[in-house]
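# Remarks on the overall topology
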Amino acid sequence: GYREYTPLDNGFYAILGSVLGKTTMRMLLEHKEEIGYRSVERIVLFGYEGFVAGKEWGKCRTILIKLSEPRVPPFRRGWPHTATAPRRSRIPVLS
């Protein structure tokens, strides 16, 4: 069987905090120029057997981490791409 997780499900962020999830997040952070600004939309575990009371988590043979399409990053002060962000006012901003 399989089990699908979205950001609204329990376990989504736990999987992103695992070794496989951390590797994906590191790739997204370190390769923004090559792959664009993306986020994780969905995680699918294939070969999922679930939780058995009193035992460890079931086996998961394959993991799929689905990324969003490239998009424009959100506007945040101090990020390198702020030079291309629309100007809001001419008042200087104190950091």
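Residues numbered from 1 in each chain as written. Predicted model: local features only at pLDDT ≥ 70, side-chain atom pairs only at ≥ 80, totals over all residues. Heavy atoms only, no water.

A few words now on a nonpolar patch on the surface. A cluster of nonpolar side chains, contributed by Tyr2, Phe46 and Leu64, occupies part of the molecular surface with about 310 Å² of accessible area. Mapped onto the elements of the fold, phenylalanine 46 is located in strand 2 (residues 40-46). (Patch = residues over 30% accessible without salt bridge, like charges linked within 9 Å, V, L, I, M, F, W, Y side chains within 5 Å. Areas by Shrake-Rupley, 256 points an atom, 1.4 Å probe, with all protein chains shown as cover. Salt bridge = Lys/Arg side-chain N within 4 Å of Asp/Glu carboxyl O. Helix = DSSP H or I, 4+ residues; strand = E, 2+ residues; numbered from the N terminus.)

Of the pairings in the sheet, the one linking strand 1 (residues 2-5) to strand 2 comprises 4 bridges and is antiparallel in character. Residue tyrosine 5 lies in a different strand from strand 2, and its bridge partner there is isoleucine 43. Pairing geometry for strand 2 and strand 3 (residues 62-67), over 6 bridges, is antiparallel. Along strand 3, the bridge assignment pairs valine 40 with leucine 67. (Pairing = 2+ DSSP bridges.)

Under the criterion given, the structure shown has 2 aromatic pairs. Taken together, a centroid distance of 6.1 Å and an interplanar angle of 40 degrees make the contact between tyrosine 2 and phenylalanine 46 tilted. A residue pair is termed long-range when its members are at least 10 positions apart, and tyrosine 2 in strand 1 and phenylalanine 46 in strand 2 qualify at 44 residues. The exposure class of tyrosine 2 is exposed, given its relative accessible area of 55%. For the pair phenylalanine 12 and tyrosine 13, a centre-to-centre distance of 4.9 Å together with 85 degrees between the ring planes defines the contact as edge-to-face. Its relative accessible area of 1% is what places phenylalanine 12 among the buried residues. (Phe/Tyr/Trp six-rings, centres within 6.5 Å; stacked < 30°, edge-to-face > 60°. Buried < 20%, exposed > 50% of the residue type's maximum accessible area, 1.4 Å probe, protein only.)

The strand order 1-2-3 describes an open sheet built from 3 strands, whose pairing is antiparallel. Single-partner strands in this sheet number two, and they are strand 1 and strand 3. Across the sheet, the axes of successive neighbouring strands diverge by a mean angle of 15 degrees, strand direction being ignored. Along the sheet, helix 2 (residues 19-30) contacts strand 2 and strand 3; its crossing angle with strand 3, the most-contacted strand, is approximately 30 degrees. (Axes fitted to C-alpha atoms, helices over the stretch in contact; angles between N-to-C directions. Contact = heavy atoms within 4.5 Å.)

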